[in-house]
Amino acid sequence: MSVEIAPSLLAADFGALSREVSQLNSTKATLLHLDVMDGSFVPNISFGPVVIESVAKETTLDLDIHLMIEDPDRYIADYAKFSPKYISVHEEACRHLDRSIDYIKSFNVMAGVAINPHTPISHLSEILHKIDLVCVMSVNPGFGGQRFIPYTLEKISALRALINHKGLSTKIEVDGGVTAANAAQIKAAGADILVAGSSVFKAPDVPKAIEALHDA
Ligand code: DX5
Ligand code: ZN
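Not measured: the values here are computed from a predicted model.

Quick look at the site of ligand 1
1) Next: With respect to spatial proximity, 20 residues lie near ligand 1, and among them Ser 8, Gly 142, Asp 175, Gly 197 and Ser 198 are the closest.
2) Next: For ligand 1, an oxygen atom lies 3.3 Å from a polar atom in the side chain of His 66.
3) Next: Residue Gly 142 places a main-chain N or O atom 2.7 Å away from an oxygen atom belonging to ligand 1.
4) Next: Protein chains bury 98% of the 380 Å² of accessible surface belonging to ligand 1 in isolation.

A few points about the layout of surface pockets
1) Next: Space inside the largest pocket adds up to approximately 280 Å³.
2) Next: Gly 144, Gly 145, Gly 176, Gly 177 and Gly 197 are, among the 25 residues lining the largest pocket, the residues nearest its centre.
3) Next: Where the lining of the largest pocket is concerned, the elements lending two or more residues are strand S2 (31–37), strand S3 (62–68), strand S8 (193–196) and helix H7 (198–201).
4) Next: Each residue belonging to the lining of the largest pocket can be placed in one class, and the counts come to 11 nonpolar, 12 polar and 2 charged.

What to know about unusual backbone geometry
1) Next: Even without a glycine there, the phi angle at Ser 83 is positive, about 45 degrees.
2) Next: Looking at where Ser 83 falls in the secondary structure, it is placed in the loop between helix H3 (76–80) and strand S4 (86–90).
3) Next: Phi is positive for Asn 108, which is not a glycine, with a value near 60 degrees.
4) Next: Tracing the backbone through its elements, the reader meets Asn 108 in the loop between helix H4 (97–105) and strand S5 (110–115).

Quick look at the sheet that holds strand S1 (residues 4–7)
1) Next: The strand order across the open sheet built from 8 strands is S1-S8-S7-S6-S5-S4-S3-S2, with neighbouring strands paired in parallel fashion. The sheet terminates laterally at S1 and S2, the two strands that pair on one side only. Looking at each pair of strands side by side, their axes are set apart by 25 degrees on average, direction ignored.
2) Next: Examined bridge by bridge, S4 and S5 share 5 bridges and lie parallel to one another.

As for the coordination of the zinc ion (ligand 2)
1) Next: On the protein side, the zinc ion (ligand 2) has His 33 (NE2), Asp 35 (OD), His 66 (ND1) and Asp 175 (OD) as donor atoms, found 2.0 to 2.3 Å from it.
2) Next: All donor residues of the zinc ion (ligand 2) come from one chain, and their arrangement in sequence is H-x1-D-x30-H-x108-D. Placement of the pair is Asp 35 in strand S2 and His 66 in strand S3, with a sequence separation of 31 residues. An identical accessibility class is assigned to Asp 35 and His 66; each is buried.

Side note on the pairing of S5
1) Next: Of all 6 residues making up S5, 5 are buried, and the element is well covered by its neighbours.
2) Next: In terms of handedness, the path from S4 via H4 over to S5 forms a crossover that is right-handed.

Quick look at the environment of His 129
1) Next: Along the chain, His 129 turns up in the loop between S5 and strand S6 (133–137).
2) Next: Taking C-alpha positions, His 129 is 28 Å from Gly 142, a pair spaced 13 residues apart along the chain.
3) Next: In this structure the side chain of His 129 is engaged in a polar contact, spanning 3.4 Å, whose partner is the backbone oxygen of Glu 126.

Quick word on the nonpolar core
1) Next: Leu 34, Ile 52, Leu 67, Ile 87 and Ile 186 are the most contacted members of the largest nonpolar core, which totals 60 residues.
2) Next: Counting residues per element, this core draws most heavily on helix H5 (residues 152–166), which supplies 4 residues.
3) Next: Setting aside residues up to four positions removed in sequence, Leu 34 forms contacts with Leu 9, Phe 47, Ile 52, Val 55, Leu 63, Asp 64, Ile 65 and His 66.
4) Next: In this structure, Ala 6, Tyr 86, Leu 133 and Val 195 belong to the second largest nonpolar core, which totals 6 residues.

Parameters and conventions
Residues numbered from 1 in each chain as written. Chains lettered and ligands numbered in written order. Predicted model: local features only at pLDDT ≥ 70, side-chain atom pairs only at ≥ 80, totals over all residues. Heavy atoms only, no water. Near = heavy atom within 4 Å. Polar contact = N/O pair within 3.5 Å; in protein donor to acceptor, adjacent residues only side chain to side chain. Areas by Shrake-Rupley, 256 points an atom, 1.4 Å probe, with all protein chains shown as cover. 1 Å grid on protein atoms, 1.4 Å probe; cavity = no way out; pocket = protein on both sides within 12 Å on 5 of 7 lines; lining within 4 Å. Points joined across faces, edges and corners; volume = space filled by probe spheres on them. Helix = DSSP H or I, 4+ residues; strand = E, 2+ residues; numbered from the N terminus. Nonpolar A, V, L, I, M, F, W, Y, C, P; charged D, E, K, R; others polar. Pairing = 2+ DSSP bridges. Axes fitted to C-alpha atoms, helices over the stretch in contact; angles between N-to-C directions. Donors = N, O, S within 2.8 Å, 3.2 Å for Na, K, Ca; no water. Buried < 20%, exposed > 50% of the residue type's maximum accessible area, 1.4 Å probe, protein only. Right-handed = clockwise from strand over helix to strand, strands pointing away. Core = buried A, V, L, I, M, F, W, Y, C linked by side-chain atoms within 4.5 Å. Contact = heavy atoms within 4.5 Å.

Have a look at this one:
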């Protein structure tokens, strides 16, 4: 199966948001990755529902909302109203992750769980069957433009093996430092979705950059 590409809006030029978002519509990208940061769970603040509301009007891609916020249940309803394909919460930010997953699904949105580089995949093993998407962070979350952390490749392979062993259809998304140079390796390790911010939006030719990731 071919890998899906999810450009991450964080690396876009926010002064030209409409153009940045609409140029993705006729490319091989299928998901628009939206990084919501609260300045508490991660040491950065990005954007929230006001920006996503505008972006949702410009895109034909499915929305993939990545909540890097503490106690995300407080805001899930605010993001579910955009009918995204996925809402992902961080395992490290949820006291009752099982409940958070059910809560996301109650809005007919697919439930994603993101794990930081240091978080073992065993933290998800008991509830993997309830998770539609695991977002494996391949950088410490909070900023775009960081380098891919090599040891996360092993986590991707181990997660792929666990998902296959359990006969599940849970998708693996990899987020952070993904480039055309490492995309093939990440895909070979078992990723279904590649998130790419800088390597897409900072490229001279955005559709070509997406194609390079897709065809890697
Ligand atoms: C990091 C975010 C990523 C980020 C990826 O905290 O979750 O989605 O936008 O950006 P790049 O591809 O530049 O590493
Ligand atoms: Zn992200």
